[in-house]
Amino acid sequence: MSVQKVVVVGGVAGGASAAARARRLCEDAEITVFERGPHVSFANCGLPYFIGGEIVGHDSLLLQTPESLRARFNLDVRCQQEVVAIDRAAQRVKVRDLATGHDYEEAYDALILSPGAAPLKPPIPGIDRPGHFTVRNIPDAEKIMAWLKGVPGARAVVVGGGYVGLEMAEQLKHRGLAVTVVEALPQVMAPLDPEMAAWLHQELRANGVTLHLSDCVAAFEAPANGEQARASVVVLKSGKRIEADAVILGMGVRPEISLAKDAGLEIGALGGIRVNERLQTSDPHIWAVGDAIEVRDAVTGAWSLVPLAGPANRQGRIAADNIFGRHSRYRGTWGTAILRLFNLTAGCTGANEKVLRKAGIAYQAVHLHPDSHAGYYPGAEEIALKILFASDTGKLLGAQAVARAGVDKRIDVLATALMSGLTVQDLAELELAYAPPYGSARDPVNLAGMIASNVLAGDVDVAQWSEVAALASDTALLLDVRTDEERRKGSISGSIHIPLHQLRSRLAELPKDREIIVYCRSGHRSYYACRMLVQRGFRARNLTGSYRTWKTATTVDAPH
Ligand code: FAD
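Note that this is a predicted model, so its numbers are computed, not measured.

Scanning the chain for helices and strands turns up 16 helices and 30 strands. Viewed in the frame of its principal axes, the chain has a C-alpha envelope of about 90 × 65 × 45 Å. Burial status across the chain gives 52% buried among its 560 residues. The contacts in the chain between residues at least 6 apart in sequence include a share of 63% that link residues at least 24 apart. When the accessible surface of the chain is summed, it comes to about 24,000 Å², and 50% of that surface belongs to carbon and sulfur atoms. For the chain, the centre of its 61 positive side-chain charges and the centre of its 61 negative side-chain charges are spaced 3 Å apart.

Right under this line is the structure:
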């Protein structure tokens, strides 16, 4: 296919990177980018921080302008021009100039669709009331800031506990608002498993955010006489009523597919544009990238929707490669993501337990709580780290981490390991940079690999925090091997206590006809105990993550 004319729909993450790559591959092509909004190539990921005041001035969010893209890449970038139809037979798009309402046509040899995803707005009564906002672009952010201006002490309700909702909650709090988050699921941040999300629940509450889990909005009502809400009274299914001066709708996004659908392009079962591994749609002259497409989950192989900036940027480059004869392949999406929430960072990569169960993949999970760097060097913070791996081969399947420090580098190492198909034995052997201020001679990633390798080798079996409640006293015994002092501060009810240093001399107190589930603070000492017990003929399992994981996961999330 000879390509002289490339048309790109959408000028932000996927679209801008596709257009720039196209120019680098072909100096002669005519490349036109249509963008419905007033800005191209803006940092939508920075919007919450702009609203919160950490990023000052919207110019910092403008990575490029039509002028800079023309000067550097000779791109014809047209803002406030919406592509309203595709004539596939004639290879033309119909474009509406939103300033004048005038329609015109533009021909293409190759068309790249990167229209993104629109915030979800389910048909909840009152959802369009004044003072309700979604966050997708700079004008949205400016509307929120204008609404909040001059209302000190305003109360915001954020509907949805995904990463946009949580970033908004943090940033509104930063602006001095009283913030409530309402989440329909029992946890925030769905990509995390519940015991990992529990750390975020604690952090939200510790920072004064009111959190309503397992509850959803039934209606947004106009404030009645006597109610002071400036926007709405948010009525929850549970019957609770929350006065709000502003409402942020962060209930997720849905792919923008109307253009593709009207043109008869194949749409997948999840509602995204279907593409092949070259990111070509069902029409060989049309490519699609970014939030609008369905991608293969790189771990399970299932189709999925993963609206993240990294994949959109990679896909833009790959689509342009293929248009200009390079055979780049999109290998799928691992869903590597990171979130700052007040003093915590949460990161994840690959599959979580829900995804693995749904895919029918046999896995094991281990938890650990290592320090972010050498414990003897000041400032080390404990990381809650979880890895998931294949029960048979030990291949890494996913990882999650939450901590005040050290999450970003561990998640990025684990994401790289995941993409490379490494096993937990490989993780144990990774040679990672170490000096006391940065890590440990056995980095948390090495430790995770060692612990998982022990499980895989059959040196120790693990029990999960979620199994504890169902343990029957006639078949299982919970054994706490922590110190007396630790025990005094709290324990798992029904457990017996033998500190590790006394265990060898008190084995006679333990039953051989029951399984012994051993715990300590983090799973380290209980592993030693398990090794001792198993070699002495007991049936023992290590409670992985031990008291730290169990305690966080089972702390009741009573709303304020
Ligand atoms: P977009 O970047 O949304 O661009 C699509 C563009 O297409 C839009 O500007 C739209 O106006 C335009 N368009 C649509 N239809 C038409 C049409 N018919 N004609 C012309 N133009 C059209 N991801 C991360 O990985 N990390 C983060 O921290 C992060 N934070 C985020 C915070 C916020 C508030 C938001 C909204 C998103 C965040 N994301 C983050 C997600 C990330 O921004 C998206 O995954 C990424 O921008 C998707 O790129 P895209 O090109 O598919 O769509």
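Turning our attention to the packing of helix 1 (residues 13–25) against helix 8 (residues 309–323). With their axes 7 Å apart at the nearest point, helix 1 and helix 8 run at an angle of 35° to one another. Between helix 1 and helix 8 lies a crossing whose hand is right-handed. On the side of helix 1, the interface is formed by Ala13, Gly14, Ser17, Ala18, Arg21, Ala22, Arg24 and Leu25, while helix 8 contributes Ala312, Asn313, Gly316, Arg317, Ala320 and Asp321.

By the burial criterion, the buried members of helix 16 (residues 546–554) are Ser546, Tyr547, Thr549, Trp550, Thr552 and Ala553. Looking at the buried side of helix 16, the elements it contacts are helix 6 (194–206), strand 23 (363–368), strand 29 (515–519), helix 15 (524–535) and strand 30 (540–543).

Attention now moves to the layout of surface pockets. Within this model, the second largest pocket holds a volume of roughly 500 Å³. What lines the second largest pocket is a set of 21 residues, among which Leu447, Ile451, Gly523, His524 and Tyr527 lie closest to the centre. At the level of elements, strand 23, helix 12 (444–456) and helix 15 are the ones that each hand at least two residues to the lining of the second largest pocket. Counting residues per element, the lining of the second largest pocket draws most heavily on helix 12, which supplies 5 residues. Of the residues contributing to the lining of the second largest pocket, the split by class is 11 nonpolar, 9 polar and 1 charged.

Another aspect to go through is the packing of aromatic side chains. Aromatic ring pairs are defined here through the distance separating the ring centres and the angle between the ring planes. For the coordinates displayed, the defined rule picks out 5 aromatic pairs. For the pair phenylalanine 133 and tryptophan 147, a centre-to-centre distance of 6.0 Å together with 65° between the ring planes defines the contact as edge-to-face. Highlighted residues: phenylalanine 133 in strand 9 (residues 132–133) and tryptophan 147 in helix 4 (residues 138–148), separated in sequence by 14 residues. Relative accessible area serves as the criterion here: at 11%, phenylalanine 133 is assigned to the buried category. Both rings, one in tyrosine 519 and one in tyrosine 547, keep their centres 6.2 Å apart while their planes meet at 20°; by these two values the pair is stacked. A residue pair is termed long-range when its members are at least 10 positions apart, and tyrosine 519 in strand 29 and tyrosine 547 in helix 16 qualify at 28 residues. Of the two residues examined, tyrosine 519 and tyrosine 547, each falls in the buried class. Among the aromatic residues, those joined into a ring-pair cluster are Tyr519, Tyr547 and Trp550. Looking at arginine 296, its charged tip hangs above the ring of tryptophan 303, at a distance of 4.0 Å from the centre. Positioned over the ring face of tyrosine 547 is arginine 482, at 4.4 Å from the centre of the ring.

This paragraph deals with the site of the ligand. Neighbouring the ligand are 29 residues; Gly14, Glu35, Ser114, Asp291 and Ala309 lie closest to it. In the environment of the ligand, a nitrogen atom lies 3.0 Å from a nitrogen or oxygen atom belonging to the backbone of arginine 36. The separation between an oxygen atom of the ligand and a polar side-chain atom of aspartate 291 is 2.8 Å. Among the residues making up the shell around the ligand, the classes are represented as 16 nonpolar, 8 polar and 5 charged.

Next up on the list: the nonpolar core. By size, the foremost hydrophobic cluster in this structure holds 50 residues, and its most contacted members are Ile86, Val93, Leu111, Ile112, Leu113, Ile273 and Leu279. Membership of the second largest hydrophobic core comes to 46 residues, among which are Ile51, Ala154, Ala169 and Ala197.

By the element assignment, glutamate 167 lies in helix 5 (residues 163–174). Arginine 340 provides the closest opposite charge to the buried, unpaired glutamate 167, separated from it by 8.1 Å.

A separate point is the pairing of strand 10 (residues 155–159). Taken across its 5 residues, strand 10 has 4 buried, putting it largely inside the fold. Where strand 10 meets strand 11 (residues 178–182), 5 bridges bridge the pair, whose relative direction is parallel. The residue bridging valine 159 from the neighbouring strand is valine 182, located in strand 11. The parallel pair strand 10 and strand 11 is bridged by helix 5, and the resulting crossover is right-handed. With 4 bridges connecting them, strand 10 and strand 16 (residues 246–249) associate as parallel partners. Residue pairing in the sheet places valine 158 in a bridge with isoleucine 248 of strand 16.

Calculation rules
Residues numbered from 1 in each chain as written. Predicted model: local features only at pLDDT ≥ 70, side-chain atom pairs only at ≥ 80, totals over all residues. Heavy atoms only, no water. Helix = DSSP H or I, 4+ residues; strand = E, 2+ residues; numbered from the N terminus. Buried < 20%, exposed > 50% of the residue type's maximum accessible area, 1.4 Å probe, protein only. Contact = heavy atoms within 4.5 Å. Areas by Shrake-Rupley, 256 points an atom, 1.4 Å probe, with all protein chains shown as cover. Lys, Arg positive; Asp, Glu negative; His and termini not counted. Charge placed at Lys NZ, Arg CZ, Asp CG, Glu CD. Axes fitted to C-alpha atoms, helices over the stretch in contact; angles between N-to-C directions. Left-handed = near helix turned anticlockwise from the far one by under 90°. 1 Å grid on protein atoms, 1.4 Å probe; cavity = no way out; pocket = protein on both sides within 12 Å on 5 of 7 lines; lining within 4 Å. Points joined across faces, edges and corners; volume = space filled by probe spheres on them. Nonpolar A, V, L, I, M, F, W, Y, C, P; charged D, E, K, R; others polar. Phe/Tyr/Trp six-rings, centres within 6.5 Å; stacked < 30°, edge-to-face > 60°. Lys NZ or Arg CZ within 6 Å of the ring centre and 35° of its normal. Near = heavy atom within 4 Å. Polar contact = N/O pair within 3.5 Å; in protein donor to acceptor, adjacent residues only side chain to side chain. Core = buried A, V, L, I, M, F, W, Y, C linked by side-chain atoms within 4.5 Å. Salt bridge = Lys/Arg side-chain N within 4 Å of Asp/Glu carboxyl O. Pairing = 2+ DSSP bridges. Right-handed = clockwise from strand over helix to strand, strands pointing away.

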